[in-house]
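Below, each chain spelled out in residue letters.
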Amino acid sequence: MKRAFLTGLALVVATFVAHAQAAPPAKPVAARPIAIVIHGGSGDVLRANISPEEDAAYRETLTQGLKAGYAVLEKDGTSLDAVVATIGILEDSPLFNAGKGAVFTRSGRIQLDAAVMDGATKKAGAVASVEHVKNPIALARLVMERSPAVLLVGPGAEEFAVEQGVALVPQSYFKTAKRYEALQKKLRQEQAPWVPSDPSKGHGTVGCVALDRQGHLAAGTSTGGLTGKLDGRVGDTPIIGAGTYCDDATCGVSCTGTGEFFMRCLVAYDLSQQMSLKGLSLQEAAVYEVQKRLHDAGGPDSGGLIALDRQGHIATPFNTRGMFRGWVDASGKLVVALYGDEKP
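Attention in this report is confined to the structure presented alongside it. (Residues numbered from 1 in each chain as written. Predicted model: local features only at pLDDT ≥ 70, side-chain atom pairs only at ≥ 80, totals over all residues. Heavy atoms only, no water.)

## Concerning the pattern of salt bridges
Across all of its chains, the model carries 16 salt bridges by this definition. With its nearest N and O atoms 2.7 Å apart, the salt bridge here joins arginine 141 to aspartate 81. In this pair, arginine 141 is assigned in helix α4 (residues 136–146) and aspartate 81 in helix α3 (residues 79–91), connecting sequence segments 60 residues apart. By relative accessible area, arginine 141 is classed as buried at 19%. With a shortest N-O distance of 3.1 Å, arginine 293 and glutamate 289 are connected by a salt bridge. Note that arginine 293 and glutamate 289 are positioned in helix α9 (residues 282–296) at a spacing of four residues, about one turn of the helix. The buried category is assigned to glutamate 289, whose relative accessible area is 0%. (Salt bridge = Lys/Arg side-chain N within 4 Å of Asp/Glu carboxyl O. Helix = DSSP H or I, 4+ residues; strand = E, 2+ residues; numbered from the N terminus. Buried < 20%, exposed > 50% of the residue type's maximum accessible area, 1.4 Å probe, protein only.)

## A closer look at the sheet that holds strand β10 (residues 314–315)
Here we have four strands laid out as an open sheet, ordered β7-β8-β9-β10, and antiparallel in their pairing. The sheet is open, and its two edges are formed by β7 (244–246) and β10, each paired on a single side. As judged from the six bridges shared by strand β8 (residues 252–257) and strand β9 (residues 303–308), these two strands associate in the antiparallel manner. Bridge pairing in β9 places cysteine 255 opposite leucine 305. This element, α9, spans β9 and β10 of the sheet and lies at about 160° to β9. (Pairing = 2+ DSSP bridges. Contact = heavy atoms within 4.5 Å. Axes fitted to C-alpha atoms, helices over the stretch in contact; angles between N-to-C directions.)

## Quick word on the packing of aromatic side chains
Within this structure, the stated rule accounts for six aromatic pairs. An angle of 80° between the planes, with centres 5.1 Å apart, marks the rings of tyrosine 173 and phenylalanine 174 as edge-to-face. The same class applies to tyrosine 173 and to phenylalanine 174, which are both buried. Plain terms: the ring middles of tyrosine 245 and tyrosine 269 are 5.2 Å apart, the flat faces sit at 90° to each other, and that makes the pair edge-to-face. One end of the pair, tyrosine 245, is in strand β7; the other, tyrosine 269, is in helix α8 (residues 267–278), with 24 residues separating them in the sequence. By relative accessible area, tyrosine 245 is classed as buried at 9%. The exposure class assigned to tyrosine 269 is partly exposed, which follows from its relative accessible area of 33%. (Phe/Tyr/Trp six-rings, centres within 6.5 Å; stacked < 30°, edge-to-face > 60°.)

## Points about the packing of α3 against α4
Running from N to C, α3 and α4 point in directions that differ by 150°, and their axes come no closer than 8 Å. Classified by the angle their axes make, α3 and α4 are roughly antiparallel. Two secondary-structure elements touch here, α3 through Leu80, Asp81, Val84, Ile87, Gly88 and Glu91 and α4 through Pro136, Ile137, Ala138, Arg141, Met144 and Glu145. Of the residues that constitute the contact of α3 with α4, the class distribution is seven nonpolar, one polar and four charged. (Parallel < 35°, antiparallel > 145°, perpendicular 65-115°, else oblique. Nonpolar A, V, L, I, M, F, W, Y, C, P; charged D, E, K, R; others polar.)

In short, geometric facts, not functional conclusions.
Put into structure tokens, the structure is as follows:
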């Protein structure tokens, strides 16, 4: 009896081993795509307005930001970490209208706005009209993760920053001669309409959307607003759904331009809804928002946006003459472009 049982057991084991050896090897699981896209503002970005040295500097800084964010993604970091790291680099550069190098208000102050949103949880954080926070995007993340609020404004936001251990910096840190001269040109032009305005007219808002290995999206935007804006004016950047929005089910979006148009149209949120409710592709929805909805709202040259979905598709439409932009797509290809006639 015992011998028969052992013999039967041996046959079962042998059959299992033979079947296992004959079975084809399991196919390796394809790695999920990672991707990142950034912008550094839109406007009359023309070769005639930008020197070769400035062109090279813009491209170098955009590339640096892309590489920093992409390095986070390559190490299986989160899309949120990648977005904050990338935007932090652009905020630290005097080339863009965010953080150091932000534009002046009418009274000569610097007031900064920023927002970040997590596509997996739909949690968001934002700050507006802060005057002493070196990296507003990092503070926006703290608002999202360590407060019950979505948006904190002005002195209240800075009190929260101090509570969270964020060091404040003086207004002088943000101010640059180039931005001050832009304010003076604007004020002169308002007083005497025959005086030519600043030809660059660039909106240097910065933004980023990233897709991580876990299939999650995050989006963020940071800005100093518009040159000569009224003190206390807040644009679309920190308004969730207007200038910044993210949902894993559809896409992440960051906008740049004249914020009032983006706020009236809720461009970032509506782009997501065009995909969700109408079944439009990322590219179709992005172009519709910029070329149709903004145009119909009276903003034919109001700005542009960047968008990214879970498949790694990227869209960067704009209705101005150029937009500082760049991306690393799902294949790992890095691209940076400035002008409207660049078709990378």
